[in-house]
Amino acid sequence: MEKISEHITLREATKSNTALRLNINNIPNDYQTGNMVAIAINLFEPLRKWVGGAIRINSFYRSEKLNQAIGGSSRSQHCQGRAMDIDDNFGHKTNAEMFEYIRKNLNYDQMIWEFGNDANPDWVHVSYVSKDQNRGRCLRAERIDGKTQYREI
Ligand SMILES: [Zn+2]
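Described in the following lines is the structure provided in the data block. (Residues numbered from 1 in each chain as written. Predicted model: local features only at pLDDT ≥ 70, side-chain atom pairs only at ≥ 80, totals over all residues. Heavy atoms only, no water.)

## Topic: the coordination of the zinc ion
Thought 1: Listed as protein donors to the zinc ion are His78 (NE2), Asp85 (OD) and His125 (ND1); their distances from the metal cover 2.0 to 2.1 Å.
Thought 2: Donor residues for the zinc ion, ordered by position in the chain, follow H-x6-D-x39-H. The exposure classification of His78 matches that of Asp85, with both residues buried. (Donors = N, O, S within 2.8 Å, 3.2 Å for Na, K, Ca; no water. Buried < 20%, exposed > 50% of the residue type's maximum accessible area, 1.4 Å probe, protein only.)

## Here we look at the packing of aromatic side chains
Thought 1: Evaluated as defined, the whole model comprises 3 aromatic pairs.
Thought 2: Plain terms: the ring middles of Trp50 and Tyr101 are 4.2 Å apart, the flat faces sit at 10° to each other, and that makes the pair stacked. Taken as a pair, Trp50 in helix H3 (residues 30-51) and Tyr101 in helix H5 (residues 95-105) lie far apart in primary sequence, 51 residues in all.
Thought 3: By relative accessible area, which is 32% here, Trp50 ends up partly exposed.
Thought 4: For Tyr101, a relative accessible area of 19% gives the class buried.
Thought 5: Between Phe115 and Trp123, the ring centres sit 5.8 Å apart and the planes meet at 50°, which makes this aromatic pair tilted.
Thought 6: Positioned over the ring face of Phe115 is Arg143, at 3.9 Å from the centre of the ring. (Phe/Tyr/Trp six-rings, centres within 6.5 Å; stacked < 30°, edge-to-face > 60°. Helix = DSSP H or I, 4+ residues; strand = E, 2+ residues; numbered from the N terminus. Lys NZ or Arg CZ within 6 Å of the ring centre and 35° of its normal.)

## Comments concerning the pattern of salt bridges
Thought 1: All chains considered together, the criterion is met by 5 salt bridges.
Thought 2: Note that Arg135 and Asp109 form a salt bridge whose closest N and O atoms lie 2.8 Å from each other. With Arg135 in the loop between strand S6 (123-127) and strand S7 (137-144) and Asp109 in the loop between H5 and strand S5 (110-114), the pair connects residues that are 26 residues apart, well separated along the chain.
Thought 3: Relative accessible area serves as the criterion here: at 2%, Asp109 is assigned to the buried category.
Thought 4: As a salt-bridge pair, Arg140 and Asp118 come within 2.8 Å of each other at their nearest N and O atoms. With Arg140 in strand S7 and Asp118 in the loop between S5 and S6, this residue pair connects regions lying 22 residues apart in the sequence.
Thought 5: Owing to a relative accessible area of 64%, Asp118 belongs among the exposed residues under this scheme.
Thought 6: Connected through shared salt-bridge partners, Asp118, Arg140, Glu142 and Arg151 make up one network. (Salt bridge = Lys/Arg side-chain N within 4 Å of Asp/Glu carboxyl O.)

## Things to note about the pairing of S6
Thought 1: Summarising burial for S6: 4 of the 5 residues are buried, a large majority.
Thought 2: Note that strand S4 (residues 83-87) and S6 share 4 bridges and pair antiparallel. When the sheet's bridge partners are listed, Ile86 is paired in S6 with Val124.
Thought 3: Where S5 and S6 come together, 5 bridges link them in antiparallel fashion. Bridging across to S6, Met111 finds its partner in Val126. (Pairing = 2+ DSSP bridges.)

The structure is reproduced here in structure tokens:
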């Protein structure tokens, strides 16, 4: 089985029910795959080591077509293979704990506390570009009057 890193298979990194349903190609090219390996090695694997068990990846690579189909941002870093959405459904650490750990200990480009409440986000979006180019920016996404708004936190 082809792997992105020790704990991420290519299948998991590209799986999308929407892509399957709409028959959308969701295979990354070499450039995108290189970006996926960078975030997997530099961010996901150190995080997983601290978490001490599996972390669900809800969305990782998205082709432009898939991103459009799910209504993602037109400049989504998922399309470059540079972002992943992680979720705590395996129960080792909460989303809030993973968010704080990444913020304090790891190099990242942008991280988003996705909805939820003050105690825990519904999921965490995190991206990685390169050690030199990462902005280290944290945002919180909230729905206000039915629209998604982002503010720095
Ligand atoms: Zn995301």
